[in-house]
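Residue-level structural notes
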Amino acid sequence: MSTNEALLTLEGWYTYHNFRTINWEKWRAASAQERQEALDELNGLIRTWDANEAEGKGSTAVYSILGHKADLVFMFLRETMQELDEIKTAFNKTRFAAYTEAPYSYVSVVELSNYVHNPGEDPKANPHVRDRLYPVLPKWEHICFYPMNKKRDLQDNWYMLSMQERQEMMRSHGLIGRSYAGRVKQIIGGSVGFDDWEWGVTLFANDPLEFKHIVYEMRFDEVSARFGEFGNFLVGNVLNVETLAKKLEV
Ligand code: VOV
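Remember, it's a predicted structure, so these values are computed and weren't measured experimentally.

What counts and how
- Residues numbered from 1 in each chain as written.
- Predicted model: local features only at pLDDT ≥ 70, side-chain atom pairs only at ≥ 80, totals over all residues.
- Heavy atoms only, no water.
- UniProt positions renumbered as here; feature names shortened; annotations may be inferred.
- Helix = DSSP H or I, 4+ residues; strand = E, 2+ residues; numbered from the N terminus.
- Buried < 20%, exposed > 50% of the residue type's maximum accessible area, 1.4 Å probe, protein only.
- Contact = heavy atoms within 4.5 Å.
- Core = buried A, V, L, I, M, F, W, Y, C linked by side-chain atoms within 4.5 Å.

1. Some remarks on the UniProt feature "active site" (unreviewed entry) in the protein chain
In this structure's numbering, the residues bearing the UniProt feature "active site" (unreviewed entry) are Y146. With respect to the secondary-structure elements, Y146 resides in strand 5 (residues 142–150). Taking relative accessible area as the criterion, Y146 reaches 6% and is therefore assigned buried. When neighbours within four sequence positions are excluded, Y146 is seen to be in contact with W199, G200, V201, L203, V215, F230, N232 and F233.

In structure tokens, the structure reads:
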């Protein structure tokens, strides 16, 4: 068994999930005019994000989050970390941001692990690979986000397995994933060196039960059953300018 079989990974756009809670007490206490101006300013930012997506230089998605961990998530894909930092700062400078708190965030880079590839091919020349490294977020009805690791216990250490063992397990994982084609879209963000977990998994679906089913089915698959370690799960509903304004009505 080799202990130095680091995998070649392919990286695409950098990603930033900005989770916010709304301070309703403060928001309700603001005048109608102040709220309208804050919303107009936020919509102005959303228009710049939409323009970036139309130019093919990134992608953005906005969702309302269920449960108490957050109320909103703004998910960004951009070419550079500088742009993500600018987006964070621009948002934090808005009036709307002053009515929110930031309970959680996640930074990663869209990653393909290249376990399944065609030998001899330049993967980045393949349009299917490029579509996955530089994806347009689908804006389907629901989002699910969670961070995860591959276990590093003495008995079950993913990083001590041979390339062939990992490849076989990932093939099985990919087969399960592919059976959800068209129903679940996954964005895997590699976050080693960037954030507290090894990957941030973002799933999109029009039926939220697809999240329950795919995550449950994968738990029986060896790679998740033996090696998967999971952080908090967050789930939400898509927002657009109109539904965001409706959510913020008081
Ligand atoms: C639509 C569903 C779907 C599909 C088609 C899919 C396919 C694939 C393929 C083909 C590959 C390998 C090559 C590559 O492309 O990277 C991967 C890779 C990966 N996956 Fe996956 N996955 C899905 C879905 C999917 C889910 C739901 C999860 C969470 C796991 C769970 O238990 O909750 C997940 C995780 C990952 C991770 C963390 C990696 C990187 C692993 C590493 O060690 O590097 N993934 N995945």
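2. As for the nonpolar core
Ranked by internal contacts, the top residues of the largest apolar core, which has 23 residues, are W49, F91 and F96. Per-element tally for this core: the top contributor is helix 2 (residues 32–54), with six residues. Discounting chain neighbours no more than four positions away, the residues touching W49 are T60, V62, F74, F76, R78, I87 and F91. If you look at the next biggest cluster of nonpolar residues, it comprises 17 residues, including W13, V73, L137 and F145.

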